[in-house]
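Residue strings, one per chain:
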Amino acid sequence: MSDLDQLTQSLARNLKRWRGERGFTLDALAARAGVSRGMIIQIEQARTNPSVGTTVKLADALGVSIATLLDYEQGSPVRLVPESQAVRMWSTEAGSSTTLLVGTDARGLLELWSWRLMPGDSSASDPHPEGTVELLHVSAGELTLVVDGTPYAVPAGGSASFEAHHPHSYRNDGAEPVEVTMAVSVPPVR
């Protein structure tokens, strides 16, 4: 089974499980996530590989981390994630990518990400639930962080935090690759 097939199967199984645990009907989850009922059915039947944006919307609506939604092994109080099991969420032909390194649902969601943005590339994010905070550290290049339409330059060695319930995006306006480590904290679903 390919990595993509394994990811699709894990997402199908976990989406169905978490929707059941939350007591959400297909229609309720669709309304809560802003994702069509048909798309949720296709995902739960492992007939499609949804976009990162759709996966984030579903995870946020369920109050679980993306790592939990995609994870195929959980149980021990210590969770080691070898590099081979980190989840590449997206990549571009230019070489930009994001990788979900590890995440947890303890007392709200907490995820750790590794980002690489090549010159000229960008990634936009829909607003996350109220109370979501993102922390990031730039280890190479200069990141242009745009929050609620305002750009902020974050050079190598610099860090930033922001309330991620605002529309936000990440850009590389420079001439060299940008390397970013990011943590995302989402409050529990009420």
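Residues numbered from 1 in each chain as written. Predicted model: local features only at pLDDT ≥ 70, side-chain atom pairs only at ≥ 80, totals over all residues. Heavy atoms only, no water.

1. Re the overall build of the chain
For step 1, the next point in the chain: Across its full length, the chain carries 5 helices and 10 strands.
For step 2, the next point in the chain: Counting all 190 residues of the chain, 44% fall into the buried class.
For step 3, the next point in the chain: Taking the contacts inside the chain whose residues are at least 6 apart along the sequence as the reference set, 62% of them involve residues at least 24 apart.
For step 4, the next point in the chain: Just so you have it, the chain exposes about 9800 Å², and 51% of that area is on carbon and sulfur atoms. (Helix = DSSP H or I, 4+ residues; strand = E, 2+ residues; numbered from the N terminus. Buried < 20%, exposed > 50% of the residue type's maximum accessible area, 1.4 Å probe, protein only. Contact = heavy atoms within 4.5 Å. Areas by Shrake-Rupley, 256 points an atom, 1.4 Å probe, with all protein chains shown as cover.)

2. Re unusual backbone geometry
For step 1, the next point in the chain: The residue Ala 46 is not glycine, and still its phi comes out positive at about 55 degrees.
For step 2, the next point in the chain: On the secondary structure map, Ala 46 appears in the loop between α3 (37-44) and α4 (52-62).
For step 3, the next point in the chain: Unlike most non-glycine residues, Asp 148 shows phi in positive territory, near 55 degrees.

3. Structural notes on the pattern of salt bridges
For step 1, the next point in the chain: Inspection of the entire model under this criterion finds 6 salt bridges.
For step 2, the next point in the chain: Ionic pairing is found between Glu 44 and Arg 19, a salt bridge with its closest N-O pair at 2.6 Å. One end of the pair, Glu 44, is in helix α3; the other, Arg 19, is in helix α1 (residues 3-22), with 25 residues separating them in the sequence. Of the two residues, Glu 44 and Arg 19, neither departs from the other in class, the shared state being buried.
For step 3, the next point in the chain: Two residues, Asp 126 and Lys 57, come together in a salt bridge whose shortest N-O distance is 3.6 Å. (Salt bridge = Lys/Arg side-chain N within 4 Å of Asp/Glu carboxyl O.)

4. Brief notes about the nonpolar core
For step 1, the next point in the chain: If you look at the biggest cluster of nonpolar residues, it comprises 45 residues, and the most contacted ones within it are Leu 29, Leu 58, Leu 69, Leu 136, Leu 143, Leu 145 and Tyr 170.
For step 2, the next point in the chain: Not counting the four nearest positions on each side in its chain, Leu 145 is found in contact with Leu 136, Thr 150, Pro 151, Tyr 152, Val 154, Ala 160, Phe 162, Ser 169 and Tyr 170. (Core = buried A, V, L, I, M, F, W, Y, C linked by side-chain atoms within 4.5 Å.)

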